[in-house]
Amino acid sequence: MKRREFLKKSSQALGSLPFVTGIFKSAGASVTSTTNGSSPILIALFLRGGADGLNIVVPYGDPGYSGLRPTIGISAPGTQGGALDLDGFFGLHPKLPAFKSFYDQGKMAMVHACGSPSETRSHFDAMDLMEGGSGTVKLDDGWLNRYLQTSIPSQDIFHAVSIGPAVVRSLSGIASSIAISNLDILHMSGSNRMKTYLDAIKEMNAERQDIIGYTARSMLEAIEIGQDKLDPDAYVPENGADYQEDEFSSQLKILAQMIKADVGLHVATVDLGGWDTHTNQGGGESGALANALDILNPGIEALITDLGNQAERTLILIMTEFGRTARQNGSGGTDHGHGTVLFVIGQKINGGRVYGQWPGLAEKNLYQGRDLAVTTDFRQLFGEVLEHHMNCAEIHSVFPDYDHTNNTPVGLF
Amino acid sequence: MRKNYHFLSRATFGPTKESMQQVESTGIESWLDQQLRPEQINNSRVERLLGSLPSLFMSATELLREYPRPEQGESPAPGKEFWRPFLEVSCATLLLARYSESQLLEIMTNFWFNHFNVFGPEGINFYATPPYIMETIRKNALGTFPKLLQKTAKSPAMLYYLDNYLSSREMVLSNGEEKGINENYARELMELHTLGVDAGYTQEDIINAAKILTGWSITRPRTGELDFQFYENIHEPGTYQVFGQTFASRGMQQGLDMIAYLALRPETAQHVAEKLVAAFVADDPPSRLIQNVKDVFLATGGDIPSLLKTIFLSREFYEVKYLRAKIKSPLRFFISSLRATGADILDAEPVLRPFQSLGQPLFRCQPPTGYSDKKEAVLGTGVFLSESLLTRTMAFDRLRGVSMSPSKLNPDNLTGIDLADALMEGILVHFEHKTAEVVRKASLSYGFGPRELISLILVTPDFLLY
């Protein structure tokens, strides 16, 4: 049976869920936060485009590595443009010095050869499955949303936030969430006339049970809290944090401000593009991958620095839809592949280790003869993050087609 | 009346008084027939406006010569910046959406651009994207699918964006550099452009397609030309099987054969039918209509006007549950608000800026999927707020580049409930009871003047939906 047919059948069996968002949220939520300054926070960062795990956490100790990547391979530690050594076998891309220092402090862990059981090499399909939190079956809501459905409903409008124009797939579903790209607009709406105008919008949407009704109400609540607590002009990063001028860094700065303002942030998503390196991927010093890492590394560094002791309760999970071909392609890049590396940054994890069983890069060990194999299902990692960092007791309902009890834990908690 | 409004809200960038009158007098079918022959439509007004954009109809080669990238230390002559053609085609898109009489052509240009998405402002695509939009897509948007597909396959913009211009047979250059295939375009050709992700093609199909397409590239920059070119010397000869069909080695013709084959596969017909019905009827499209559109696709060899007629003249299209079943994309939202209020674009350039905060800046979608028009993808909290602030700025006539005069909708200087009713009638939407009540209350009790009321009406659920 083709997958599409299977899905049609299974969705008939489940009954088709209409897209209703935010039914857990009562209209007119309370302004006081239901969380406090010690509740855990999860930031899910999605590297869109399929990030090349083999050049980000480089298995320089694998005898097959350098032969697969004659011109774009990262050389061994200690050489010009060489990897930053982690454990004598793996090394970080040299554009990730802050990651290296988090690793050395035990605050960062990687899971290599991680990914999806699905063989898809389609960006769209692979993101859909990873954000849906499933192996091969398409689920209507996102894994983060299903997590929210299992947790205590919150009255905080900033409880679950996608930084960007729309709520991303992983966060969408019936538990409420909002999407916002910048905090300035919350402050462009300050005058009394404007308030009357926005109230009229709220009034006409007060009873609507659709996405417009929910979005209108959430907008008014976001303004109410934002006016009071989230003035971007008044925000001063702490601890010498140095945010770059790019969009990614400014989005992380919004998150830092939300976390410190204690507006109840519990789950956040951020996206970073630029990973689909089919050409001119480059090696350690320059090229498309180095450019993308040059955005990622300083952004994360500034965020963690800025958060100070708030970083204690914050965990950053960095994911991507698939890895890339083990062999470089004919145009100095890599094509869509399979296994890759995922990152976890947190103060309380057993960091300073590259987790996962290494499948090796010998021809016979490559997935379908071309890609890094997957030895850790991404759902194993996501589940452990929810269970241990977010105190989720129902990971089986977040990942309905994965059985955590019959799999070995990654073990980073 | 509601039927005509529904039809126009989908087939155009928003009903206007004039288009409503036209459809009322000619009927939907004959209005549609006219729209499907855009070359016969008198479009002098927008053509005059486009006259202020000198780069608009230049070829990529002409653009390369007229708008060169400055040498180090030089600054370009004013109006000759290398990014200007991209800016001008973006401006033209707004003007055409607002003013063109051949609205369905503009809607389809937008649809096909997203289907065959490229990222505009990077590298040579600063030059290749404008003709890609104006010629490759727009000139074929109401033609046949196989021709449109072939034109995109041979366009420098697509060859650059999806890297096929670098794809080569396995070879070692004199400097030792190893060349080989690049799968990027071959994969998206099958996944996004033709068969669809679930069609059942394999990794081997992708590799074979990539080999067949080696040599499909772009003229080298030093020639001073920017055009498609096939290079026999980097083409991988050989007979290959793709998706169950064998293609004999015939140089460039082999690629044309494969593209023609993929264009008319039943899986392609299904994929294109699903996308069209979702775009024009509902995010969750009715399967019977998809089947009909697919049948017509196969029977007519992918004749796009026939597909559109099948949709717009279907019973399903007018079913009550599909009225206002979609949420406007940022472009449709913005242009439809101009068209409904009779507001004018005096200068399109500053008007491009708001699309950033609305989440879909023009021709800047990085992933090859193009922008989604699904509800959950177009309306976030921040976007709704941006829209609410934008209509207000516009209604108070403070949006640079746009002129809006409330007297167009309120010529008799009405006040109170009469004003609210006149404005709502002028904007043509059939308002739900609750919305109308709040708009009247805003006029009567909250002290809203005509500008504030227009701003409010443009962000009612009734106007955001279409």
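This report concerns the structure included in the present document. (Residues numbered from 1 in each chain as written. Chains lettered and ligands numbered in written order. Predicted model: local features only at pLDDT ≥ 70, side-chain atom pairs only at ≥ 80, totals over all residues. Heavy atoms only, no water.)

## Section: the overall build of chain B
Line of reasoning, step 1. Secondary structure summary: chain B contains 25 helices and eight strands in total.
Line of reasoning, step 2. With the C-alpha coordinates of chain B rotated into their principal frame, the extents come out at 80 × 60 × 40 Å.
Line of reasoning, step 3. Classification of the 466 residues of chain B by burial places 62% in the buried group.
Line of reasoning, step 4. Long-range contacts, defined here as pairs at least 24 residues apart, represent 71% of the contacts in chain B between residues at least 6 apart.
Line of reasoning, step 5. Side-chain charges of chain B comprise 48 positive and 54 negative groups, with the mean position of each set lying 3 Å from the other. (Helix = DSSP H or I, 4+ residues; strand = E, 2+ residues; numbered from the N terminus. Buried < 20%, exposed > 50% of the residue type's maximum accessible area, 1.4 Å probe, protein only. Contact = heavy atoms within 4.5 Å. Lys, Arg positive; Asp, Glu negative; His and termini not counted. Charge placed at Lys NZ, Arg CZ, Asp CG, Glu CD.)

## Observations concerning the interface of chain B and chain A
How big an interface is tends to be stated in terms of accessible area lost as the parts join.
Line of reasoning, step 1. The interface of chain B with chain A comprises 54 residues on the first partner and 46 residues on the second.
Line of reasoning, step 2. In total, chain B and chain A occlude about 4,500 Å² of area from one another, counting both sides; carbon and sulfur atoms represent 60% of this.
Line of reasoning, step 3. Our count for the contact surface shared by chain B and chain A stands at four salt bridges.
Line of reasoning, step 4. As a salt-bridge pair, Arg-208 of chain A and Glu-432 of chain B come within 3.5 Å of each other at their nearest N and O atoms.
Line of reasoning, step 5. Where chain B packs against chain A, one counts 21 residue pairs in polar contact (both at pLDDT 80 or more).
Line of reasoning, step 6. Elements with a contribution of two residues or more to the side of chain B that touches chain A: β2 (178-179), α11 (184-193), α12 (203-212), α20 (375-378), α21 (381-395), α23 (433-444), α24 (450-457) and α25 (461-464) of chain B.
Line of reasoning, step 7. The element contributing the most residues to the side of chain B that touches chain A is α21 of chain B, with 10 residues.
Line of reasoning, step 8. Taken together, the residues of the side of chain B that touches chain A sort by class into 22 nonpolar, 16 polar and 16 charged. (Buried area = accessible area lost by both parts, 1.4 Å probe. Salt bridge = Lys/Arg side-chain N within 4 Å of Asp/Glu carboxyl O. Polar contact = N/O pair within 3.5 Å; in protein donor to acceptor, adjacent residues only side chain to side chain. Nonpolar A, V, L, I, M, F, W, Y, C, P; charged D, E, K, R; others polar.)

## Re the pattern of salt bridges
Line of reasoning, step 1. One pass over the full model with this rule turns up 48 salt bridges over all chains.
Line of reasoning, step 2. The partner of Glu-203 of chain A in a salt bridge is Lys-441 of chain B, and the shortest N-O contact between them spans 2.4 Å. Here the residue Glu-203 of chain A occupies a position in helix α8 (residues 192-204), and Lys-441 of chain B occupies one in helix α23, the pair thus bridging two chains.
Line of reasoning, step 3. The class for Lys-441 of chain B is partly exposed, based on a relative accessible area of 33%.
Line of reasoning, step 4. Between Glu-363 of chain A and Arg-327 of chain A there is a salt bridge, with the nearest N and O atoms lying 2.7 Å from each other. Of this pair, Glu-363 of chain A sits in the loop between β11 (353-355) and β12 (376-377) while Arg-327 of chain A sits in the loop between β9 (314-320) and β10 (340-345), and the two are 36 residues apart along the sequence.

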